[in-house]
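A look at the structure
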Amino acid sequence: DSITSMQLAARARRDGLVVTPRQVFDERTPGRLAAVAEAPVTGARENDEATGDVTATPVMREAGEWSLRARFAQWVIVTTPGGLALDAVAHGWQAVAEAHPMLRARAVPGGGLVAGDPSSPAPAGLVARIDATAAAADDLDALAQDAAREAAAALDPARGVVARLAWLDAGPDRLGRLAIVVHHLVVDGVSWRVLTDDVAEAVRAVAAGTTPALVPEGTSFRTWAAAAAAQAVSSGRTAELDSWTALAADAASVPGLPAPDPVRDVAASMRRRVWRLPAGVADDLVGRVPAAFHCGVDEVLLAGLVAGVASWRGGGGGGLLVAVEGHGREPLAGGMDLSRTVGWFTSVYP
C-alpha cells in the first residue's frame, strides 16, 4: 500500500538508493526497482528552505484554536535496553529533532507554525528520567502510559514545546520504557514510522560513543505546505469548487439517529467496535476484490459501508455523506520526496 511504499523508499534512501513510492507501485518487483534506482543527488535540497514560517494547511485550519491545546498529542511507547543512560536518550533525541525541523516548531497566532524556531527549548532538555527500578515488571506499561499523559499535558506549542520524552529506567537488568510524546500539529501516523526508527538509530549511536548520522528529509513540510497553498488557488482547483460545494451541501442527519450534538458527541464519548475477519476473507478484501474491480481497498470498504447502511435503513433513505481521511502525502511537484518528512499531512474529503 502507499504507506509501506513510503517506508520502503525511506529505507532505500538510508542505504544510498533513491526510488519513489510511485516507482514502487509501478515497477512492483525488486529487479525492476533496481533498474530505476538512482544515487542521491548531492545538493538536491539546496532550494528547499526547511525552516521558517509554515503555511497553515487545511487540516490545521479545520482543527482551529483547540488544536493548540497541550493534550492534542500522539505518543508511542517503546522498550529500551537495560543499562541505558539518560545522556544517550537526551542527545539521541536532540539529533532526531535536528533532522526534522517540525520537531522544533512553534505555533503562531492566527494559524501556522515556525519550523526550526531557534527560540524553541533545546530538545535534549525535554527528556525526563523516571526511576522505575522498584516497579514491578507488570506495572511498567501502565506507568509509561501515565508518564505519556503527563508529558502530553506539559506540551505548549505556543512556546515551541511540541515534544516531550519520558524514560522509565527499570535498572541495568530489565527493559525500560520510553514514551515519545509529540503534539499532533507536527506529527501524523506516517511520521511515527520514521521517528521510531530514527530514535532507535540515534540513541544506539550516542550510547556507542558515536555521532548519529540520520538521513535528512527529502522535501520539507514547509515546502510542501507552500505548494499545497499555491495549488489551492490555481485555476484547475478553483474550477472544482462548485462540485465539491454541492457534494458537501448534501450533508444531513442519518435517519434513525439523533442530530449531532457538539456537547454530547465528543471524543470522550466515542466508542470503538472491532471485528476480526477470517484470513481468507481478509485476503479477498485486500487482494482479489480490488483487482477484479480495478480499485483500491478503500473503495471496497466504502461499498461495504454503503451496503450496511442501506440494509439498516431497509433499502431507502437517500445518500450517505462520508468524510474520507487519507495520509495526504501527495507529491505536489516533480521531484518531491516525502518518505522521510515529519509533519501533519492528513487530508480529509467528502
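Residues numbered from 1 in each chain as written. Predicted model: local features only at pLDDT ≥ 70, side-chain atom pairs only at ≥ 80, totals over all residues. Heavy atoms only, no water.

1. What to know about the overall build of the chain
Broken down by element type, the chain carries 12 helices and 9 strands. Its C-alpha atoms give the chain a radius of gyration of 22 Å, within 12% of the compact-globule value 20 Å for 350 residues. Expressed as lengths along the three principal axes of its C-alpha atoms, the size of the chain is roughly 65 × 50 × 50 Å. Across the chain, the fraction of contacts at a sequence separation of at least 24, relative to all contacts at a separation of at least 6, is 70%. In the form shown here, the chain has an accessible surface area of approximately 19900 Å², with 56% of it arising from carbon and sulfur atoms. Seen as two clouds, the 31 positive and the 40 negative side-chain charges of the chain have centres 3 Å apart. (Helix = DSSP H or I, 4+ residues; strand = E, 2+ residues; numbered from the N terminus. Rg over C-alpha atoms; globule rule 2.2 N^0.38 Å. Contact = heavy atoms within 4.5 Å. Areas by Shrake-Rupley, 256 points an atom, 1.4 Å probe, with all protein chains shown as cover. Lys, Arg positive; Asp, Glu negative; His and termini not counted. Charge placed at Lys NZ, Arg CZ, Asp CG, Glu CD.)

2. Some thoughts on the side chain of S67
With respect to the helices and strands, S67 occurs in the loop between α4 (58-63) and β2 (73-80). In terms of polar contacts, S67 uses its side chain to reach the backbone carbonyl oxygen of G64, at 2.7 Å. In this view, S67 contacts F72, H183 and L185; residues no more than four positions away in its chain are not counted. (Polar contact = N/O pair within 3.5 Å; in protein donor to acceptor, adjacent residues only side chain to side chain.)

3. Remarks on the sheet that holds strand β3 (residues 106-107)
With respect to topology, 3 strands assemble into an open sheet ordered β1-β4-β3, the strand pairing being antiparallel. Looking at the sheet topology across the chains shown, the edges are occupied by β1 (52-54) and β3. (Pairing = 2+ DSSP bridges.)

4. Regarding unusual backbone geometry
We note that R28 has phi near 70 degrees; this positive angle belongs to a residue other than glycine. Relative to the assigned elements, R28 resides in the loop between α2 (21-27) and α3 (30-36). One non-glycine residue, H294, lies in the positive phi region at around 55 degrees. Inspection of the secondary structure puts H294 in the loop between α11 (279-293) and α12 (297-313). Classification of H294 by relative accessible area gives exposed; the value is 74%. (Buried < 20%, exposed > 50% of the residue type's maximum accessible area, 1.4 Å probe, protein only.)

5. With respect to the environment of H183
Along the chain, the position of H183 falls in strand β7 (residues 176-183). H183 sits 19 residues away from R164 along the chain, and the two C-alpha atoms are 9.0 Å apart. Excluding anything up to four places from it in sequence, H183 contacts S67, L68, R69, A70, F72, A73, L155, P157 and V162. In terms of polar contacts, H183 uses its side chain to reach the backbone carbonyl oxygen of S67, at 3.1 Å.

6. A word on a nonpolar patch on the surface
On the surface, W244, L247, L321 and Y349 cluster together to form a nonpolar patch covering roughly 350 Å² of accessible area. Take L321: it is sitting in the loop between α12 and β8 (324-326). (Patch = residues over 30% accessible without salt bridge, like charges linked within 9 Å, V, L, I, M, F, W, Y side chains within 5 Å. Salt bridge = Lys/Arg side-chain N within 4 Å of Asp/Glu carboxyl O.)

7. Quick notes on the pattern of salt bridges
Scanning the entire structure with this criterion turns up 14 salt bridges. The salt bridge involving R177 is made with D141; its shortest N-O contact spans 2.7 Å. One end of the pair, R177, is in strand β7; the other, D141, is in helix α6 (residues 140-153), with 36 residues separating them in the sequence. By relative accessible area, which is 12% here, R177 ends up buried. Overall, D141 belongs to the partly exposed group, its relative accessible area being 45%. Across the salt bridge formed by R264 and D265, the nearest N and O atoms sit 3.0 Å from each other.

8. As for the sheet that holds strand β6 (residues 163-169)
Strand-to-strand pairing in sheets goes through backbone hydrogen bonds, with the strands running parallel or antiparallel. Spatially, the 4 strands line up as an open sheet ordered β2-β7-β6-β5, and their pairing is mixed. Of all the strands in the sheet, the pair left with one neighbour each is β2 and β5 (127-131). With direction set aside, neighbouring strand axes in the sheet form an average angle of 20 degrees. Relative to β6, β5 runs parallel, the two being bridged by 5 bridges. Following the sheet pairing, V127 is matched in β6 by L165. Seen against the sheet, helix α5 (residues 86-99) touches β5, β6 and β7 and runs at an angle of roughly 155 degrees to β5. (Axes fitted to C-alpha atoms, helices over the stretch in contact; angles between N-to-C directions.)

9. So, the environment of D138
Mapping D138 onto the fold places it in the loop between β5 and α6. In the structure, D138 is positioned 155 residues away from F293 in sequence and 48 Å away in space, judged by C-alpha atoms.

10. Regarding the side chain of T341
The residue T341 is located in the loop between β8 and β9 (347-349) in this model. The exposure class of T341 is buried, given its relative accessible area of 0%. A polar contact is formed between the side chain of T341 and the backbone oxygen of T219, at a distance of 2.5 Å. In contact with T341, other than residues within four places in its own chain, are S191, E217, G218, T219, S220, F221 and R329.

11. Describing α6
Its 14 residues place the ends of α6 20 Å apart at the C-alpha level, agreeing with the 20 Å of an ideal helix rising 1.5 Å per residue. Burial in α6 covers these residues: L140, A144, A147, A148, A151 and A152. Burial along α6 is one-sided: seen end-on, the buried residues are contained in an arc of 140 degrees. (Expected span 1.5 Å × (residues − 1). Arc of directions from axis to C-beta.)

12. A few points about the packing of aromatic side chains
Inspection of the entire model under this criterion finds 5 aromatic pairs. Aromatic pair F72 and W344: ring centres 5.7 Å apart, planes at 65 degrees, arrangement edge-to-face. One end of the pair, F72, is in the loop between α4 and β2; the other, W344, is in the loop between β8 and β9, with 272 residues separating them in the sequence. Note on accessibility: F72 and W344 belong to one class, buried. Ring centres of W244 and Y349 lie 6.5 Å apart, and the angle between their planes is 75 degrees; this geometry places the pair in the edge-to-face category. (Phe/Tyr/Trp six-rings, centres within 6.5 Å; stacked < 30°, edge-to-face > 60°.)

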